[in-house]
Every structure is written in structure tokens, then in C-alpha cells.
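# Coordinate analysis (summary)
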Amino acid sequence: MSFNEKRDSGILESVATGPDGPVRLRWYRPIPSRARVPAPILVWAHGGGFFAGGIDQPEAHDVARALSDRGVTVVTVDYRLAPPLD
């Protein structure tokens, strides 16, 4: 797994190795003063019925950011989408 810190503090981009290629992960870390020990971690798989969406959707970011602001570490997971229907 590789990590890349984004400019937006508290957000960490990473890539995990999957059976069909890399899988993007985005970690939203709470502000240290709001973190609990042990802090919960929520894994978020975006909606879209496996054919639409992604971790870059505004609602995924907004919810993850709101939860991290309340002390929860959130990991959003991208996944391979089904091919488009013609």
C-alpha cells in the first residue's frame, strides 16, 4: 500500500493492491483533539449500484469529512465499476 498526503489536512490518499489491479483508498483522519482512543474506523463504499459513482463524489467527501470532524476515522474505497450498458 502506498500513501500520498493531500494538501487538505487530515486526508490521506493511498492505493491497495487488488486481484484486478490497484484500488484507491482515501483516509479522512480526525483532528487529534477530537480523536478518541481507541477511535472507531468506518469503511465507506460509495453508492451507485456497481456501475456509477466513485470516491470523488461530493456526498462521499462531505459525509466522510463531517464524520472525521466528530472523531471518526473514515476510509472511502473506490471499486471497479461494471462496463456501461449500450
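The coordinates are above.
Read on for a plain summary of the structure. Because the structure is predicted, anything quoted here is derived from the model rather than measured.

### Digging into the pattern of salt bridges
Scanning all chains against the criterion turns up two salt bridges. Among the salt bridges present, the one from Arg-26 reaches Glu-13, with a minimum N-O distance of 2.5 Å. Taken together, the residues span a long stretch of sequence, with Arg-26 in strand β3 (residues 21-28) and Glu-13 in strand β2 (residues 11-18) at a distance of 13 residues. Accessibility expressed as a relative area gives 5% for Arg-26, which makes it buried. One salt bridge in this structure joins Asp-78 and Arg-24, with 3.5 Å as the shortest N-O distance. Linking Asp-78 in the segment after β5 (73-77) with Arg-24 in strand β3, this pair joins segments that are 54 residues apart in sequence. Given the relative accessible area of 17%, Asp-78 is considered buried. Residue class for Arg-24 comes out partly exposed when judged on its relative accessible area of 32%.

### Overview of helix α1 (residues 58-68)
Three or more residues of α1 are buried, namely Ala-60, Ala-64, Arg-65 and Ser-68. All buried residues of α1 lie within an arc of 120° about the axis, which places them on one face of the element. The inward-facing, buried residues of α1 abut β2, β3, β4 (41-45) and β5.

### Concerning the pairing of β2
Counting buried positions along β2 gives six out of eight residues, so the element sits mostly inside the fold. Summarising the sheet, β2 and β3 pair through eight bridges and their orientation is antiparallel. When the bridges of β3 are listed, Thr-17 appears paired with Pro-22. Remark: two residues form the turn of the hairpin made by β2 and β3, two consecutive strands paired antiparallel.

Thresholds, definitions, all that
- Every chain is numbered on its own, with residues counted from 1 as its sequence reads.
- Given that this is a predicted model, residues contribute local features only at a pLDDT of at least 70 and side-chain atom pairs are listed and counted only at 80 or more, while totals for whole chains, interfaces and linings are drawn from all residues.
- In computing side-chain properties, one takes all heavy atoms of the structure into account and sets aside hydrogens as well as water.
- Each salt bridge in this description consists of a side-chain nitrogen of Lys or Arg and a carboxyl oxygen of Asp or Glu lying within 4 Å of one another.
- Secondary structure counts use DSSP, requiring at least four H or I residues in a row for a helix and at least two E residues in a row for a strand, with both numbered from the N terminus.
- A simple rule labels every residue: compare its accessible area, found with a 1.4 Å probe on the protein chains alone, to the largest value its type can have, and call it buried under 20%, exposed over 50%, or partly exposed in between.
- Directions drawn from the helix axis to the C-beta atoms are what define this arc.
- Contacts between residues were defined by any pair of non-hydrogen atoms, one from each residue, lying within 4.5 Å.
- Pairing between strands requires that DSSP locate at least two bridges from one strand to the other.

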